Amino acid sequence: MTVPPLIVAPSILAADFARLADEVRAVEHAADWLHVDVMDNHFVPNLTIGLPVVQSLRAATQLPFDVHLMIEDPRRWAPGYADAGAYNVTFHAEACDDPVALAKDLRSAGAKAGLAIDRDTPIEPYLDLLPSFDTLLIMTIKAGFGGQRFIPQLLDKVRTARQHIASGHLELRIEVDGGIAADTIEQAAAAGADAFVAGTAVYGADDPAEAVRRLRGLAERATTGA
Ligand code: DX5
Ligand code: ZN
């Protein structure tokens, strides 16, 4: 399997939940990953979907699942998503007292392991943990709801992480999540992100697949300077 240089991951949080399979198929040939936001009404105030939906959806599409767990006690729940066939399982640093141990569990369950950093959490304490992870998700909003305004200052964390990864020769994706759209994706790409979650910008568009292609084009241009 060739590794795409940039990942665009539509978030189904902004999709029509009554037509979830159709909404996923609408981006099937344009997207790289499907971003699935799991919220438990404890770690964040919002409540979304959980394991049964992910299990059912797994049979409805070929797209790799990028599961973003905004939940408490991820040690208990995260491996279940790996078992359900998720490609990447990301949990929040703020919710886990032993992130390296959970990353190991996820990798042994056959998934990639992701660490998410919320708006108010500094990146520095986690830099030394990155060799245990495949994905670093840097929130560009406060986790919990779609449709929020992108916070450009949070890209400083992306720059810090990108430098650290380059100097340590680490293999790790830097994913940004929150307010990513045509007017923000270029700055995120220029800061060093190489995976882009977009909810409203994809499912709020008349043609979600076209929206994904447009976002990818903008990110590519910002990365290559073309
Ligand atoms: C919010 C979720 C995001 C959300 C992004 O906490 O993690 O993935 O779906 O939605 P937009 O792209 O609308 O900001
Ligand atoms: Zn998310």
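- Under an unreviewed UniProt entry, the protein has the name Ribulose-phosphate 3-epimerase and belongs to Micromonospora chaiyaphumensis.
- Taken verbatim from the UniProt record of the protein, the Catalytic activity (unreviewed entry) comment is "D-ribulose 5-phosphate = D-xylulose 5-phosphate".
- Per UniProt, the comment on the protein under Pathway (unreviewed entry) is "Carbohydrate degradation."

**A few points about the site of ligand 1**
Right, on to step 1. Taken together, 21 residues surround ligand 1, and among them Gly 144, Asp 177, Gly 179, Gly 199 and Thr 200 come closest.
Right, on to step 2. Take Ser 11: an N or O atom from its side chain is 2.8 Å from an oxygen atom of ligand 1.
Right, on to step 3. His 68 is positioned with one of its side-chain polar atoms (N or O) 3.2 Å from an oxygen atom of ligand 1.
Right, on to step 4. For the shell around ligand 1, the secondary-structure elements that each account for two or more residues are strand 2 (34-39), strand 3 (65-70) and strand 8 (195-198).

**A look at the packing of aromatic side chains**
Right, on to step 1. Counted according to the given criterion, the structure contains 2 aromatic pairs.
Right, on to step 2. Between Trp 33 and Tyr 87 the ring centres are 5.7 Å apart and the planes differ by 50 degrees, which places this aromatic pair in the tilted class. Separated by 54 residues along the polypeptide, Trp 33 in the loop between helix 1 (20-25) and strand 2 and Tyr 87 in the loop between helix 3 (74-83) and strand 4 (88-92) bring together distant segments of the chain.
Right, on to step 3. By relative accessible area, Trp 33 is classed as buried at 6%.

**Overview of the coordination of the zinc ion (ligand 2)**
Right, on to step 1. The protein atoms that coordinate the zinc ion (ligand 2) are His 35 (NE2), Asp 37 (OD), His 68 (ND1) and Asp 177 (OD), at distances spanning 2.1 to 2.3 Å.
Right, on to step 2. Bound by 6 donor atoms, the zinc ion (ligand 2) shows angles of 72 to 172 degrees at the metal and therefore octahedral coordination geometry.
Right, on to step 3. Of note, the donors binding the zinc ion (ligand 2) are all from one chain and are spaced H-x1-D-x30-H-x108-D. Residue His 35 is found in strand 2, and its partner His 68 is found in strand 3; the two are separated by 33 residues along the sequence. One exposure class covers both His 35 and His 68, and it is buried.

**What to know about the sheet that holds strand 7 (residues 173-177)**
Right, on to step 1. On the basis of which strands lie adjacent, the open sheet formed by 8 strands has the order 1-8-7-6-5-4-3-2 and parallel pairing. In this open sheet, the two edge strands, each paired with only one partner strand, are strand 1 (7-10) and strand 2. Strand-to-strand twist of the sheet, defined as the mean angle between neighbouring strand axes without regard to direction, takes the value 20 degrees.
Right, on to step 2. On top of the sheet, helix 3 reaches strand 2, strand 3 and strand 4; it is set at about 165 degrees to strand 4, its chief contact.

**A closer look at the pattern of salt bridges**
Right, on to step 1. Here the structure, examined in full by the defined rule, presents 13 salt bridges.
Right, on to step 2. With its nearest N and O atoms 3.5 Å apart, the salt bridge here joins Arg 19 to Glu 23.
Right, on to step 3. Residue Glu 23 is classed as buried on the basis of its relative accessible area, which comes to 11%.
Right, on to step 4. Notably, a salt bridge pairs Arg 213 with Glu 210, separated by 3.6 Å at the nearest N-O pair. Linking Arg 213 with Glu 210, this pair stays in helix 8 (residues 208-224), spanning 3 residues, or about one helical turn.
Right, on to step 5. We classify Arg 213 as partly exposed; its relative accessible area is 43%.
Right, on to step 6. Among the charged side chains, a network of salt bridges with common partners joins Asp 16, Arg 19 and Glu 23.

**A short note on the nonpolar core**
Right, on to step 1. Core analysis: the largest hydrophobic core is formed by 66 residues, its most contacted members being Ile 12, Leu 34, Val 36, Val 89, Leu 136 and Phe 196.
Right, on to step 2. Among the elements that make up this core, the one with the highest residue count is helix 8 (5 residues).
Right, on to step 3. Discounting chain neighbours no more than four positions away, the residues touching Leu 34 are Pro 10, Ile 12, Val 24, Val 27, Leu 57, Leu 63, Pro 64, Phe 65, Asp 66 and Tyr 203.
Right, on to step 4. Judged by nonpolar contacts, the second largest core, of 9 residues, contains Met 39, Val 44, Met 70 and Ile 141.

**Let's talk about helix 3**
Right, on to step 1. Three or more residues of helix 3 are buried, namely Pro 74, Ala 78, Pro 79, Tyr 81 and Ala 82. In a view along the axis of helix 3, the buried residues occupy a sector of 150 degrees, so they form one face of it. Among the exposed residues of helix 3, those pointing more than 90 degrees away from its buried face are Arg 76 and Asp 83.
Right, on to step 2. Check the buried side of helix 3 and you find it contacts strand 2, helix 2 (51-58), strand 3, strand 4 and helix 4 (99-108).
Right, on to step 3. Positioned one or two residues after helix 3, Gly 85 has a phi angle of 100 degrees, which is positive.

Conventions adopted
- Residues numbered from 1 in each chain as written.
- Chains lettered and ligands numbered in written order.
- Predicted model: local features only at pLDDT ≥ 70, side-chain atom pairs only at ≥ 80, totals over all residues.
- Heavy atoms only, no water.
- UniProt positions renumbered as here; feature names shortened; annotations may be inferred.
- Near = heavy atom within 4 Å.
- Polar contact = N/O pair within 3.5 Å; in protein donor to acceptor, adjacent residues only side chain to side chain.
- Helix = DSSP H or I, 4+ residues; strand = E, 2+ residues; numbered from the N terminus.
- Phe/Tyr/Trp six-rings, centres within 6.5 Å; stacked < 30°, edge-to-face > 60°.
- Buried < 20%, exposed > 50% of the residue type's maximum accessible area, 1.4 Å probe, protein only.
- Donors = N, O, S within 2.8 Å, 3.2 Å for Na, K, Ca; no water.
- Tetrahedral: all angles 85-135°; square planar, octahedral: opposite > 155°, others 65-115°.
- Pairing = 2+ DSSP bridges.
- Axes fitted to C-alpha atoms, helices over the stretch in contact; angles between N-to-C directions.
- Contact = heavy atoms within 4.5 Å.
- Salt bridge = Lys/Arg side-chain N within 4 Å of Asp/Glu carboxyl O.
- Core = buried A, V, L, I, M, F, W, Y, C linked by side-chain atoms within 4.5 Å.
- Arc of directions from axis to C-beta.

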